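# Working through the structure, step by step
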Amino acid sequence: MAVQSPARRLLSRLRVMMASDATSLSDIVALVAGEMVAEVCSVYALRAGEILELRATRGLNPNSVGRTRLRVGEGIVGLVAATGQPLNLADAQNHPAFAYRPETGEEPYASMLAVPVRRGGRTLGVLTVQNRASRHYTDDEAEVLETVAMLLANSLVSDGTDTREGFAGSLPRQFDASLLSSGIVFGAVLLAGADMAPKRLLAEDSAAELARLQHALGAMRQGLDSLIETQLPAGDAPRDILDATRQVAADDGWLRRVAEAIRGGLSAEAAVHRIAQDFRARMRKIVDPYLRERLADLEDLAARLIAALDGSDSNPVDATGAILLVRRLGPAQLLEWHRRGIAGVVIEEGSAGGHAAIVARALGLPAVGGARGVIDAAESGDEAVLDADEGTLILRPDPSVREAYERALAARAMRSAAWHALRDAPSVTRDGTPFSLMINAGLGLELDQLAITGARGIGLFRTEIAMMARGSIPDVAEQAAIYSRVMDVAGDRPVLFRTLDLGSDKLLPDSPRAEEENPAMGWRSLRVGLDRPAILRRQLRALLLAAGGRKLSVMFPMVATISEFRQARGLLFAEAARIRPAPEKLSIGTMLEVPSLLWQLPELMAEANFVSIGSNDLTQFLFAADRGTPALAERYDFLSVPMLRLLVSVIEAASATGVSLSLCGEAASRPLDAAVLLAIGIDTLSMSASSLLGVKEGLSALDLKAFKSYLQTLRRTAATYTSLREPIGAWARDHGLNV
Ligand code: PEP
Ligand code: MG
């Protein structure tokens, strides 16, 4: 029989110990001290208020347990907790950070090894060993102690014993975030990707684990290779990037560390997880963007490897009712998670104008973004309340908080019942001006919202959403079936079909990501359609076939020049000439979302049948402010002097030629913005279905004449400040409007 290494022996004894419910932290520190031949082994746990408390010790004065406390950043233990980095000291007491605590009786111990107990990116505590003799601990010893720390974090927190032992993982915490899609939900949190802890931590048979690792690596490299070989032409920038990723995947350094951790007794997935954790801690400090990206590549690879190893890629986790926490999320991934049943989503780096947010609204899925630090603080399985309307996520809520939310939800249900009564009410302001509200849609399951909301029609059908949901572009017949169903459900109500708006953050899952410096301003949308007309022509053909003699409205996105509009219209005419029966009426229009069109308004209004303002992109390009960047979300306001001036000039150009004008960006979803739009003369608004009745309630209660005159005065006197939201909001509240 092979002789067990000390590390393996420690881990296998730990495994046996942790399997028993009766095991306490004291048993664990005693075992570690014995196996590592240390005179002291202690665990400090993080408590509320950033305090580290001695929770268990072998070797220090037992009476100091529960009494000795250090602030994060104070003493060596506090320093390790603050930095997330281990310290290996031959002469701890002369370290500048050393904080003397007489009650512990630690004077005799010269050397100290202290490692963070981390979970995800979050520090839960610190594990230390100390010895009398002054020496540096070996790399192997440091590795073993870090592995024990990982096991402590994973088992003590995930099985709930943390309350018994006092880890801070059980304390409620509230995070501020920004609203992406409204709603309130309760549920268990689900962390995805590399932040997810592996299910199996320890393994007896390291040879078998090494073989599993090799197998998973092989599969992962093959996937990368085939992506590079089959999808990308040689010499392209994306190819270089993927090549770099492939090199990272083949890099010996980190693989050697993973293999060592396996030989130390970890399962293959736990070993990858453990090394990835180190990378994450290192990544925090790196400012160099190139290096950060390389480490991010590694993290991504680690996530793929863990998924391949624990089978979660082929056997996706059941996410029913969960609140998903992710750092970043594309719209296609969100659709995938929605299919798996999530009830809400928190996107750490998400903002309201991003496409994931739009998809969330389309799905009626409560969502918030910009919740800094939430991933590091949460565990999969933690209870949470996601209150998207207030922009908060409460982790591990107190029962009383939960009850308060239950009451709020009941009240909300009553309010939405009142809203539904509005459905059949005429769309007119209090003083009799009509307006027209439509929904934005993109998925079959959204079509019943037409009946639910009583919308006038679909003012924006985002055709790319259905493609993202299925992961590819269907052939003409399948596309025609999708569009024809939309027209069937809509009946007499108009539908503005927007042609494919892929690119930027709307990518098909298997399309190679075009690595552009500025993808939102890159080769996307109609630009792709005009450069590769085959796809666009197929879509136009499908739309004409779907119409089958009915009325058809086709809208082109991201038009920047009148000649692009003419070219696109030319393709549509060419298809229309071949298809019979011809539509009863063919309306051709454009989105107005690229500012250059503003200086081509006379031509545009003379040639388009309709124009729909895409306020999301228009705002982003007008202010040169990425719609997906949370830090910019509050900086430029749609209700601002420059935006209103712009809109007024568009309205004037449209009314000069009688072109129908609408607005279909997210601004239409906000009752206050909608009131302003109506007051300046845009009476057709298209928005996410979940907002429609709220907007209708606001507009129906509006005395438009009084509001117009207030707005006129405000616009005359307000030229010196940018956002008009405050004063307009105050006026609305004073006039009893619920906006
Ligand atoms: C817009 O840009 O305002 C718009 C409606 O299009 P999308 O949000 O799909 O880019
Ligand atoms: Mg757009």
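Calculation criteria
Residues numbered from 1 in each chain as written. Chains lettered and ligands numbered in written order. Predicted model: local features only at pLDDT ≥ 70, side-chain atom pairs only at ≥ 80, totals over all residues. Heavy atoms only, no water. Core = buried A, V, L, I, M, F, W, Y, C linked by side-chain atoms within 4.5 Å. Buried < 20%, exposed > 50% of the residue type's maximum accessible area, 1.4 Å probe, protein only. Helix = DSSP H or I, 4+ residues; strand = E, 2+ residues; numbered from the N terminus. Contact = heavy atoms within 4.5 Å. Salt bridge = Lys/Arg side-chain N within 4 Å of Asp/Glu carboxyl O. Donors = N, O, S within 2.8 Å, 3.2 Å for Na, K, Ca; no water. Phe/Tyr/Trp six-rings, centres within 6.5 Å; stacked < 30°, edge-to-face > 60°. Lys NZ or Arg CZ within 6 Å of the ring centre and 35° of its normal. Pairing = 2+ DSSP bridges. Axes fitted to C-alpha atoms, helices over the stretch in contact; angles between N-to-C directions. Parallel < 35°, antiparallel > 145°, perpendicular 65-115°, else oblique. Left-handed = near helix turned anticlockwise from the far one by under 90°. Nonpolar A, V, L, I, M, F, W, Y, C, P; charged D, E, K, R; others polar.

### Considerations on the nonpolar core
- Counting residues in each nonpolar core, the largest one holds 121 residues, and the members touching the most others are Val 345, Phe 556, Leu 647, Leu 685 and Leu 699.
- Among the elements that line this core, the one with the most residues is helix 23 (residues 641-657), at 10 residues.
- Not counting residues within four places of it along the chain, the set of residues in contact with Leu 699 comprises Val 428, Thr 429, Arg 430, Phe 435, Leu 437, Ala 674, Ala 675, Leu 678 and Leu 685.
- With 54 residues, the next largest nonpolar core counts Met 36, Val 129, Leu 145 and Leu 309 among its residues.

### Remarks on the side chain of Ser 553
- Relative to the assigned elements, Ser 553 resides in strand 18 (residues 552-556).
- Looking at Ser 553, the relative accessible area reads 14%, which means it is buried.
- If we skip the residues at most four places from it in the chain, Ser 553 touches Val 495, Leu 496, Phe 497, Ser 587 and Phe 610.

### As for the pattern of salt bridges
- Summed over the entire model, instances satisfying the criterion amount to 30 salt bridges.
- Between Arg 670 and Asp 673 there is a salt bridge, with its nearest N and O atoms 3.1 Å apart.
- A relative accessible area of 0% means that Asp 673 is categorised as buried.
- A single salt-bridge network, built from bridges that share partners, covers Glu 464, Arg 498, Asp 501, Arg 524, Asp 617 and Arg 627.

### With respect to the coordination of the magnesium ion (ligand 2)
- Within the protein, the atoms that donate to the magnesium ion (ligand 2) are Glu 593 (OE) and Asp 617 (OD), at distances of 2.1 to 2.2 Å. Of the two residues, Glu 593 is situated in the loop between strand 19 (586-592) and helix 21 (601-607) and Asp 617 in helix 22 (residues 615-622); the sequence distance between them amounts to 24 residues.
- Among the residues examined, Glu 593 registers a relative accessible area of 2% and is labelled buried.

### Brief notes about the packing of aromatic side chains
- Considering all chains together, one arrives at six aromatic pairs under this definition.
- Between Tyr 710 and Trp 731, the ring centres sit 5.7 Å apart and the planes meet at 20 degrees, which makes this aromatic pair stacked. With Tyr 710 in helix 26 (residues 704-717) and Trp 731 in helix 27 (residues 725-734), this residue pair connects regions lying 21 residues apart in the sequence.
- Residue Tyr 710 is classed as partly exposed on the basis of its relative accessible area of 22%.
- Each residue in the set Phe 461, Tyr 483 and Phe 497 is aromatic and connected to the rest through ring pairs, giving one cluster.
- The cationic tip of Arg 340 hangs over the ring face of Trp 337; the distance from NZ or CZ to the ring centre is 4.4 Å.

### Side note on the sheet that holds strand 11 (residues 344-347)
- Pairing within the open sheet is mixed, and its eight strands lie in the order 7-14-13-9-10-11-12-8. The open sheet is flanked by strand 7 (173-176) and strand 8 (178-181), the only strands paired with a single partner. Direction aside, neighbouring strands of the sheet carry axes that sit 30 degrees apart on average.
- Contacting strand 8, strand 11 and strand 12 (367-369), helix 12 (residues 355-363) crosses the sheet at an angle of about 60 degrees to strand 8.
- Together, strand 9 (184-191), strand 13 (383-387) and strand 14 (392-395) form the strand contacts of helix 14 (residues 399-422), whose direction differs from that of strand 9 by roughly 130 degrees.

### A few points about the packing of helix 23 against helix 24 (residues 671-680)
- At a minimum axis separation of 10 Å, helix 23 and helix 24 run at an interaxial angle of 40 degrees. If you check the angle between helix 23 and helix 24, you find them oblique. Crossing of helix 23 against helix 24: the hand is right-handed. Contact residues: Leu 644, Leu 647, Val 648 and Ile 651 in helix 23; Val 676, Leu 677 and Ile 680 in helix 24.
- Here the contact of helix 23 with helix 24 is built from residues that sort into seven nonpolar, no polar and no charged.

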